[in-house]
Amino acid sequence: MRVAVFSSKAYDRLFLDQANEASRHELVYFEPPLTAETAALAAGFRGVCAFVNDRLDQEVLRQLHNSGTELIALRCAGFNNVDLAEAERLGITVARVPAYSPHAVAEHAVALLLSLNRMTYRAYNRVREGNFSLDGLLGFDLYGKTVGVVGTGKIGLIFTDIMHGFGCRVLASDPAPDPNAKAFVHYVPLEKLLAEADIISLHCPLTPQTHHLIDAQAIARMKDGVVLINTGRGRVVDTRAVIDALKSGKIGRLGLDVYEEEEQLFFQDLSQRVIADDLFMRLTTFPNVLITGHQAFFTREAMSHIAETTLANISAFEQGSGTLHRISADRLA
Ligand code: NAI
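Below you will find a few notes about this structure.

Criteria and thresholds
- Throughout this document, residue positions are counted from 1 along each chain, in the order its sequence is written.
- Since the coordinates come from a predicted model, pLDDT governs what is reported: local features require at least 70, and pairs of side-chain atoms require 80 or more to be given and counted, while whole-chain, interface and lining totals use all residues.
- Values reported for side chains reflect all heavy atoms of the structure, with hydrogen atoms and water molecules removed beforehand.
- Whether a residue is near a molecule or strand is decided by its heavy atoms; if any one of them lies within 4 Å of it, the residue is near.
- Residues adjacent in sequence count toward polar contacts only when both atoms are side-chain atoms; beyond that, a polar contact is any pair of N or O atoms within 3.5 Å, and within protein one must be able to donate a hydrogen and the other to accept it.
- Residue burial considers only the protein chains on display, and all accessible areas are found by Shrake-Rupley using a 1.4 Å probe.
- Charged means Asp, Glu, Lys or Arg here, nonpolar means Ala, Val, Leu, Ile, Met, Phe, Trp, Tyr, Cys or Pro, and polar covers whatever is left, Gly included.
- Aromatic rings from Phe, Tyr and Trp, taking only the six-membered ring of Trp, are treated as a pair when their centres fall within 6.5 Å; an angle between ring planes under 30 degrees marks them as stacked, one over 60 as edge-to-face, and anything in between as tilted.
- Strands here are runs of E lasting at least two residues and helices are runs of H or I lasting at least four, both read from the DSSP assignment and numbered beginning at the N terminus.
- Between buried and exposed lies partly exposed: a residue is buried under 20% and exposed over 50% of the maximum accessible area for its type, with that area taken using a 1.4 Å probe on protein chains only.
- Think of it as a cone above the ring: NZ of Lys or CZ of Arg counts as a charge over the ring if it is within 6 Å of the ring centre and within 35 degrees of the ring normal.
- By convention in these notes, a salt bridge is any Lys or Arg side-chain nitrogen within 4 Å of a carboxyl oxygen on Asp or Glu.
- The criterion used for residue contact is that any of the two residues' heavy atoms lie within 4.5 Å.
- Grouping buried Ala, Val, Leu, Ile, Met, Phe, Trp, Tyr and Cys residues that are joined through side-chain atoms within 4.5 Å yields what is termed a nonpolar core.
- Axis lines are fitted to C-alpha atoms, over the contacting stretch for helices. Their N-to-C directions set the angle, which ranges from 0 to 180 degrees.
- We call two directions roughly parallel when the angle between them is under 35 degrees, roughly antiparallel when it is over 145, roughly perpendicular when it lies between 65 and 115, and oblique otherwise.
- By convention the crossing between two helices is left-handed if the near helix lies anticlockwise of the far one by an angle smaller than a right angle, and right-handed if it lies clockwise.

## Some thoughts on the site of the ligand
Then step 1. With respect to spatial proximity, 23 residues lie near the ligand, and among them Lys154, Ile155, Asp174, Thr231 and Asp257 are the closest.
Then step 2. Here an oxygen atom of the ligand and a backbone polar atom of Phe297 are 3.2 Å apart.
Then step 3. Starting from 870 Å² of accessible surface for the ligand in isolation, the protein chains cover 82%.
Then step 4. Classifying every residue of the shell around the ligand gives 10 nonpolar, 9 polar and 4 charged.

## A few points about the packing of aromatic side chains
Then step 1. A full pass over the atoms with the stated rule returns 8 aromatic pairs.
Then step 2. Seen from their ring centres, Phe30 and Phe45 are 6.0 Å apart, and the 85° between their planes marks the pair as edge-to-face. You can see Phe30 sitting in the loop between β2 (26–29) and β3 (47–50) and its partner Phe45 sitting in the loop between β2 and β3, a full 15 residues away along the chain. Each member of the pair, Phe30 as well as Phe45, carries the same accessibility label: buried.
Then step 3. One aromatic cluster is present, formed by Tyr11, Phe51, Phe267, Phe297 and Phe298 through successive ring pairs.
Then step 4. Over the face of the ring belonging to Phe45 we find Arg2, whose NZ or CZ atom lies 4.1 Å from the ring centre.

## Observations regarding the pattern of salt bridges
Then step 1. Evaluated as defined, the whole model comprises 13 salt bridges.
Then step 2. Across the pair Arg235 and Glu263 runs a salt bridge, and its minimum N-O distance is 3.2 Å. Taken together, the residues Arg235 in the loop between β10 (226–230) and α9 (239–248) and Glu263 in the loop between β11 (251–256) and α10 (278–283) connect sequence positions 28 residues apart.
Then step 3. Looking at Arg235, the relative accessible area reads 23%, which means it is partly exposed.
Then step 4. Taken together, the shared-partner salt bridges in this structure form one network comprising Arg62, Glu86 and Arg89.

## Section: the side chain of Ser173
Then step 1. Along the chain, Ser173 falls in strand β7 (residues 169–173).
Then step 2. The class of Ser173 is buried, set by a relative accessible area of 11%.
Then step 3. In this view, Ser173 contacts Val149, Val150, Gly151, Tyr187, Val188, Leu190 and Leu193; residues no more than four positions away in its chain are not counted.

## Examining the nonpolar core
Then step 1. The biggest cluster of nonpolar side chains holds 50 residues, and the ones touching the most others in it are Leu34, Val48, Leu56, Leu64, Ile72, Leu74 and Val94.
Then step 2. Looking at this core, the element that brings in the most residues is helix α11 (residues 300–319), giving 7 residues.
Then step 3. Ignoring anything within four residues of it in the chain, the contact list for Val94 reads Ile72, Leu74, Val82, Leu84, Ala87, His325, Arg326 and Ile327.
Then step 4. Among the nonpolar cores identified, the runner-up in size contains 35 residues, and Leu171, Met222, Leu246 and Leu270 belong to it.

## Section: the packing of helix α4 (residues 102–118) against helix α6 (residues 154–165)
Then step 1. As a packed pair, α4 and α6 sit with axes 8 Å apart at the nearest point and diverge in direction by 50°. As summarised for this structure, α4 and α6 are arranged oblique, according to the angle between their axes. Along this stretch, α4 crosses α6, giving a crossing that reads as right-handed. Residues Pro102, His103, Val105, Ala106, Glu107, Ala109, Val110 and Leu113 of α4 form the contact with α6, whose participating residues are Lys154, Ile155, Ile158, Phe159, Ile162 and Met163.
Then step 2. The residue inventory of the contact of α4 with α6, partitioned by class, reads 11 nonpolar, 1 polar and 2 charged.

If you want it as structure tokens, here you go:
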């Protein structure tokens, strides 16, 4: 099948081309993200391969439909940027990679936590400058602390395993608790988790219910000096409320891999440009904030798996057989 691959970087080509050796689809790579302005590039392509921040709203989907696209193969798990109802109306199939390496994301959340706790990102620069002072680098033992995990799906549960290994007490909140969760995972209402956790890590998807789940009210319930980690989705957190809480000291440390307005920033080299997002720039001024640009998924294992599943989705759609990880408005596969 001819597939237009949007938001493609050198590393996407590498892994997709490798995975395509067997299936031999015609992949045409476009660097720009998929938007209403770039959707015309997909004219005549039966398949479109999109990434996490590509926009698949009503306008874009209609354009794609009018120019012959029948399949959207997302090379990611999250599909909050896709208007599924519109895709269904237009008869466009939407497929995704439901799980690639939940370990990659859970391990990155732990990397943010460890780095923030012991301030290794600051120590690194100090030592290189011959500054061996320890002032400002004081951390705490993770052992014995209470960790609150919001969302115990594939990633959240692996995160609980790792934190249990550190000797932490694990609280969890999820509207659909996993009956197979290990005994050390104590499900509690979100309010209790917020009130008791020393460390809170967000692993829920972005839905209307989780939009700004962490707002000023939720933060007010947290312990003073709490560590907040978000590798889920940026809009789960109200950035303005978090900035206020950093200023007051309510939030002690903040680790983000995702950001509310990341579509304008992440996955690009903007180092020669003026960044106009004042909220984001304010976040970068805090010594106790560590931000990575949506890289939690970015391991060799995850990239291989993403490429293989994406190509398998395209083949399954074309041949009408095999596993197609289709998403529909009312049912997930
Ligand atoms: P999953 O679908 O296996 O688990 C999500 C869990 O969140 C489910 O158990 C669900 O019941 C729960 N949930 C839903 N609403 C909730 C609420 N209001 N409060 C608490 N829990 C709630 O998803 P998975 O694979 O564990 O991924 C979780 C999220 O991580 C994804 O939705 C995505 O947004 C994010 N992600 C981030 C990546 C990154 O590179 N930073 C990469 C992959 C995923």
